[in-house]
Amino acid sequence: MQAWAKDQGIEGSMLQFIADPGSELVSALGLELTHPGPVGKLGPKRSKRFGMFIDDGVIKTMEVSENANGEEDPAGDDFPESSCVDNMLAGIAAL
């Protein structure tokens, strides 16, 4: 995760990537990707595409990219906008 943070230019910032190798958190939050299309290509125990703002251990806002404009997008690849930075910052500003 540290290498990914460094590659993305957030190393040392207030942002933090966390790992969930056993998918415990993903499963508890109901964010496990179960659609047969992506699971058939990626394998099980993957998470949906999501962004989350946590403050002092409390989830303040969370956005999941899986459907947009009435179209199914289980992996969030076609319509990732809801969990991207601009939308997440707007959600945080609205708190």
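Now for a description of the structure that goes with this document. Please read these numbers as outputs of a predicted model, since none were measured by experiment.

To continue, consider the pattern of salt bridges. Evaluation of the coordinates by the stated rule reveals two salt bridges. Between K48 and E66 there is a salt bridge, and its shortest N-O distance comes to 3.0 Å. Taken together, the positions of K48 in the loop between α3 (36-42) and β1 (49-55) and E66 in the loop between β2 (58-65) and β3 (67-68) put the pair 18 residues apart, joining distant regions of the chain. A salt bridge links R49 to D77; the shortest N-O distance between them is 2.5 Å. Pair noted here: R49 is in strand β1 and D77 is in the loop between β4 (71-72) and α4 (85-93), with a separation of 28 residues, a long-range link. A relative accessible area of 34% places R49 in the partly exposed class.

Further remarks concern unusual backbone geometry. Even without being a glycine, S23 presents a positive backbone phi close to 60°. If you trace the backbone, S23 turns up in the loop between α1 (2-7) and α2 (24-28). Even without being glycine, D56 reaches a positive phi, approximately 55°.

The rules behind these values
- Residues numbered from 1 in each chain as written.
- Predicted model: local features only at pLDDT ≥ 70, side-chain atom pairs only at ≥ 80, totals over all residues.
- Heavy atoms only, no water.
- Salt bridge = Lys/Arg side-chain N within 4 Å of Asp/Glu carboxyl O.
- Helix = DSSP H or I, 4+ residues; strand = E, 2+ residues; numbered from the N terminus.
- Buried < 20%, exposed > 50% of the residue type's maximum accessible area, 1.4 Å probe, protein only.

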